Amino acid sequence: MPQQIFLDVDTGIDDSLAVLYLLASPEARITGIAATAGNVPAAQVAANTLAILDLGGAPPIEVALGAAEPLAIPLRTTEDTHGPQGLGYAELPVSARPLSARTAAELWVEKVRAAPGEVIGLCTGPLTNLALALRLEPALPRLLRRLVVMGGAFNHPGNTTPTNEWNIHVDPEAAKEVFDAFSAAPADRRPLVCALDITETIEMRPAHLEALARAAGSAPIEPVGPGHHPGWRSAASDPVIRYLTDAVRFYFDFHQLYDLGYLAHMHDPFAAAVALDPALAVTRPATVDVELTGTLTRATTVADWAGMWGREPNADIVIGTDPAVFFDRLVTRVGALARRLSQEPA
Ligand code: BDR
Ligand code: CA
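Residues numbered from 1 in each chain as written. Chains lettered and ligands numbered in written order. Predicted model: local features only at pLDDT ≥ 70, side-chain atom pairs only at ≥ 80, totals over all residues. Heavy atoms only, no water.

Topic: the site of ligand 1
(1) Moving on: Taken together, 13 residues lie around ligand 1, and Asp14, Asn39, Asn159, Glu165 and Asp268 are the ones closest in.
(2) Moving on: Here an oxygen atom of ligand 1 and a side-chain polar atom of Asn39 are 2.7 Å apart.
(3) Moving on: The separation between an oxygen atom of ligand 1 and a polar side-chain atom of Asn167 is 3.1 Å.
(4) Moving on: Protein contact buries 97% of the 280 Å² of open area that ligand 1 shows by itself.
(5) Moving on: Within the residue set of the shell around ligand 1, elements represented by two or more residues are α1 (13–23), α7 (166–170) and α12 (267–276).
(6) Moving on: Considered class by class, the residues forming the shell around ligand 1 number three nonpolar, six polar and four charged. (Near = heavy atom within 4 Å. Polar contact = N/O pair within 3.5 Å; in protein donor to acceptor, adjacent residues only side chain to side chain. Areas by Shrake-Rupley, 256 points an atom, 1.4 Å probe, with all protein chains shown as cover. Helix = DSSP H or I, 4+ residues; strand = E, 2+ residues; numbered from the N terminus. Nonpolar A, V, L, I, M, F, W, Y, C, P; charged D, E, K, R; others polar.)

Side note on the pattern of salt bridges
(1) Moving on: Here the structure, examined in full by the defined rule, presents 16 salt bridges.
(2) Moving on: Residue Glu203 pairs with Arg205 through a salt bridge whose shortest N-O separation is 2.7 Å.
(3) Moving on: For Glu203, a relative accessible area of 28% gives the class partly exposed.
(4) Moving on: In this structure Arg205 comes out as partly exposed when scored by relative accessible area, which is 36%.
(5) Moving on: Of the charged contacts in the structure, one is a salt bridge between Glu344 and Arg340, with a shortest N-O distance of 3.2 Å.
(6) Moving on: Given the relative accessible area of 41%, Glu344 is considered partly exposed.
(7) Moving on: Each member of the salt-bridge network shares a partner with another, and the members are Lys176, Asp180, Asp289 and Arg311. (Salt bridge = Lys/Arg side-chain N within 4 Å of Asp/Glu carboxyl O. Buried < 20%, exposed > 50% of the residue type's maximum accessible area, 1.4 Å probe, protein only.)

Considerations on the sheet that holds strand β10 (residues 301–304)
(1) Moving on: Pairing is mixed across the open sheet formed by nine strands, whose spatial order is β3-β2-β1-β4-β5-β6-β11-β9-β10. Only two strands of the sheet have a single neighbouring strand rather than two, namely β3 (63–65) and β10. Recorded for the sheet is a direction-independent mean angle of 30° between the axes of neighbouring strands.
(2) Moving on: Packed onto the sheet, α1 meets β1 (3–9), β2 (28–35) and β4 (119–123) and runs at close to 165° relative to β1.
(3) Moving on: Along the sheet, α12 contacts β1, β2, β4, β5 (146–150), β6 (192–194), β9 (281–290) and β11 (315–321); its crossing angle with β5, the most-contacted strand, is approximately 165°. (Pairing = 2+ DSSP bridges. Axes fitted to C-alpha atoms, helices over the stretch in contact; angles between N-to-C directions. Contact = heavy atoms within 4.5 Å.)

Some details on the packing of aromatic side chains
(1) Moving on: Inspection of every chain in the model, using the stated rule, returns eight aromatic pairs.
(2) Moving on: Both rings, one in Phe252 and one in Tyr262, keep their centres 5.1 Å apart while their planes meet at 45°; by these two values the pair is tilted. Here Tyr262 lies in the loop between α11 (239–257) and β8 (264–265) and Phe252 lies in helix α11, a separation of ten residues in the sequence.
(3) Moving on: Judged by its relative accessible area of 0%, Phe252 falls in the buried class. (Phe/Tyr/Trp six-rings, centres within 6.5 Å; stacked < 30°, edge-to-face > 60°.)

Here's the deal with the nonpolar core
(1) Moving on: Core analysis: the biggest nonpolar cluster contains 72 residues, and Leu22, Leu53, Leu122, Met204, Tyr243, Leu244 and Met266 have the highest contact counts within it.
(2) Moving on: In this view, Met266 contacts Asp14, Leu17, Thr199, Ile202, Met204, Val248, Tyr251 and Phe327; residues no more than four positions away in its chain are not counted.
(3) Moving on: Formed by 39 residues, the second largest nonpolar core is a distinct cluster that contains Ala64, Trp108, Ala139 and Ala315. (Core = buried A, V, L, I, M, F, W, Y, C linked by side-chain atoms within 4.5 Å.)

Considering unusual backbone geometry
For residues that are not glycine, phi is negative in most cases, and the peptide bond is trans in most cases.
(1) Moving on: That bond from Thr11 to Gly12 is cis: its omega, -10°, falls within 30 degrees of zero.
(2) Moving on: As for its placement among the helices and strands, Gly12 is situated in the loop between β1 and α1.
(3) Moving on: In the Ramachandran plot, Asp259 falls in the positive-phi region, its phi being about 60° despite a non-glycine side chain.
(4) Moving on: Examined against the element boundaries, Asp259 turns out to sit in the loop between α11 and β8.
(5) Moving on: Accessibility expressed as a relative area gives 72% for Asp259, which makes it exposed.
(6) Moving on: Phi at Ala299 takes a positive value of approximately 75°, unusual for a residue other than glycine.
(7) Moving on: Residue position: Ala299 is located in the loop between β9 and β10.

Below you can see the structure in the form of structure tokens.
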């Protein structure tokens, strides 16, 4: 039986790799997608997501537009991280796939209610639409099989402020509502949280792109590096590899600009891999809350590891993984998907 995944994304370069990873995984079936405002506005997220579904040869999947703004504050987007449209240097054809007539929150509720105890929710963007869905259906924590969240920073600096991770920073009120909603969840329903502590160990490098191109049978193998002119575009024979080269190269350039090296942190595809196979991750339970009022620390995620608050754990935080195992899987799966698609008759 395939695993049903409901995806909530703010596509985004690394979100797009998460979508491709899931499409490339035979054990996964994406039941619906919420397009959440974050890296770029919600309408652009939706357009990017539909275009990625085309690129990945996806079957029809309902994609619903999320709220235009976070719950309580204006939207902040980050085109400097993800490119003018959110897909780096890549430009994909506009998809002919329709957008759902439902809101993202309605789609969340509808898909989870339709298969109680079976759906794995995967959030790789701000938690705005999941919070709205929880207002519509407070039983979601019990109805979901599991929730996996990319977000937060615990014993680790932030990537947006000294203590804030981006997804939580965009909508801290929503993040708090989500973690609060899981405070009564049984241990096997606690959200798995992939925070910066772990996702910044998931370093994609040019060699991974080359390995993907080889796995896909794409030619030529294009070594990308810091010397490339921003105007350079991939001429790879394989469309998926062409896309990945142009998208991820922007992410490499961005990380290099911030002195992190010529690499890219693959936060969201790692969370997707953990959603399908939690055995990839070593976890530790904790009680997680979100600071909403600190003048310097608003939107910081705080983990009480030792039970000092006297509250039950509401999250399993990923504290260990082997990044090489993840990258082997990414290369094998997405490479094979690209190869298969390029061999299909047009
Ligand atoms: C998260 O922020 C976004 O920019 C990425 O897509 C990822 O989900 C990492 O902090
Ligand atoms: Ca994201």
